[in-house]
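One letter stands for each residue in the lines below.
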Amino acid sequence: MGRVNTALQELRGAQKSAKGVSLYSRFVNRPVGRYLAAGSYALGLTPNQVTLISAAFSFAAAAAVALCAPSWGLGIAVWAALAVGFAFDSADGQLARLRGGGSAAGEWLDHVVDAAKLTALHSCVLIAFYRFPEEYRTTADVWLLVPLGFQFASVVTFFGGLLTEKLKPKPAPGSPAAAPSTLRAVALLPVDYGVFCLVFLLLGGGKLFVWTYAGLGVVAGLFLLAFLAKWFRELSAVPR
């Protein structure tokens, strides 16, 4: 326990900026990830191993959506696995900072897993709509377009944001960090991955799940348009 407590104390002073982070990530996912990082540090795990643990939980949840008939019990299990996977996704970076910094290969693995789990999760929802049309009431083929559209919005947002951060000039060393905006943190909740995971608690609701999932997909599409305009405007000001 002493090793865990020491790790927790060090991690509290080595958190990433809360700028551009939703309330869920700031007050739920990152704190849980901090405890997982401390425990992983005590067990001698590497950041890459923690990333793979995150992947195992996330892909197991996605596979369950595609393979199992929807039920309230399945929804709880899927949400729990996704939430734990997301927390471990936060823990790997925190563990890397605790160990003195990450590696290029570790960052690459983290981003590849993130992209793969987004693609897999929406693909598995599409498979579920196809395999269990009576339970989800998705007998009309048009419903299969919903996960495809949601997947498109999620993946383009992920890579667009990632590329924007890489292309934007880095702040000068020693410059003060911008204060996080509470309003922005609230506004970002609808497109936070952790909030999205909550929709799977409705798996037993059939059409309730479908309509809530579709609604979040529409919101993700609208946010994508706003993000693209914002990122293009910011990068247009960067000299080539």
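Draft legend 1. Spatial organisation of the overall build of the chain. Counting its regular elements, the chain contains 10 helices and 0 strands. What you see in the chain, going N to C, is helices and strands ordered as α-α-α-α-α-α-α-α-α-α. Counting all 240 residues of the chain, 40% fall into the buried class. Within the chain, counting contacts between residues at least 6 apart in sequence, those at least 24 apart form 82% of the total. As displayed, the chain offers around 12600 Å² of accessible surface, 69% of which is attributable to carbon and sulfur atoms.

Draft legend 2. Region of interest: the packing of helix 2 (residues 23–43) against helix 4 (residues 72–98). The interhelical angle for the contact between helix 2 and helix 4, taken along N-to-C directions, is 65°, at an axis separation of 7 Å. The handedness of the crossing between helix 2 and helix 4 comes out as right-handed. On the side of helix 2, the interface is formed by Tyr-24, Ser-25, Asn-29, Arg-30, Val-32, Gly-33, Arg-34, Leu-36, Ala-37, Ser-40 and Tyr-41, while helix 4 contributes Ala-83, Phe-86, Ala-87, Phe-88, Ser-90, Ala-91, Gln-94, Leu-95 and Leu-98. Residues that form the contact of helix 2 with helix 4 fall into these classes: 12 nonpolar, 6 polar and 2 charged.

Draft legend 3. Quick look at helix 10 (residues 207–236). With 30 residues, helix 10 extends 43 Å between its outermost C-alpha atoms, agreeing within 8% with the 44 Å of an ideal straight helix rising 1.5 Å per residue. Within the sequence span of helix 10, burial applies to Lys-207, Phe-209, Val-210, Tyr-213, Ala-214, Leu-216, Gly-217, Ala-220, Leu-224, Phe-227 and Trp-231. Those residues of helix 10 that are buried lie in contact with helix 5 (104–131), helix 6 (133–136), helix 7 (145–167) and helix 9 (193–197).

Draft legend 4. Layout of the nonpolar core. Membership of the largest hydrophobic core comes to 36 residues, with the highest contact counts inside it found for Val-78, Phe-196, Phe-200 and Phe-209. The element that contributes the greatest number of residues to this core is helix 10, accounting for 7 residues. Sequence-distant contacts of Phe-196, that is, excluding residues within four places in its chain, are made with Leu-121, His-122, Phe-150, Tyr-213 and Leu-216. Core analysis: the next-biggest nonpolar cluster, separate from the first, contains 5 residues, Val-50, Phe-88, Ala-91 and Leu-95 among them.

Rules behind the numbers
- Residues numbered from 1 in each chain as written.
- Predicted model: local features only at pLDDT ≥ 70, side-chain atom pairs only at ≥ 80, totals over all residues.
- Heavy atoms only, no water.
- Helix = DSSP H or I, 4+ residues; strand = E, 2+ residues; numbered from the N terminus.
- Buried < 20%, exposed > 50% of the residue type's maximum accessible area, 1.4 Å probe, protein only.
- Contact = heavy atoms within 4.5 Å.
- Areas by Shrake-Rupley, 256 points an atom, 1.4 Å probe, with all protein chains shown as cover.
- Axes fitted to C-alpha atoms, helices over the stretch in contact; angles between N-to-C directions.
- Left-handed = near helix turned anticlockwise from the far one by under 90°.
- Nonpolar A, V, L, I, M, F, W, Y, C, P; charged D, E, K, R; others polar.
- Expected span 1.5 Å × (residues − 1).
- Core = buried A, V, L, I, M, F, W, Y, C linked by side-chain atoms within 4.5 Å.

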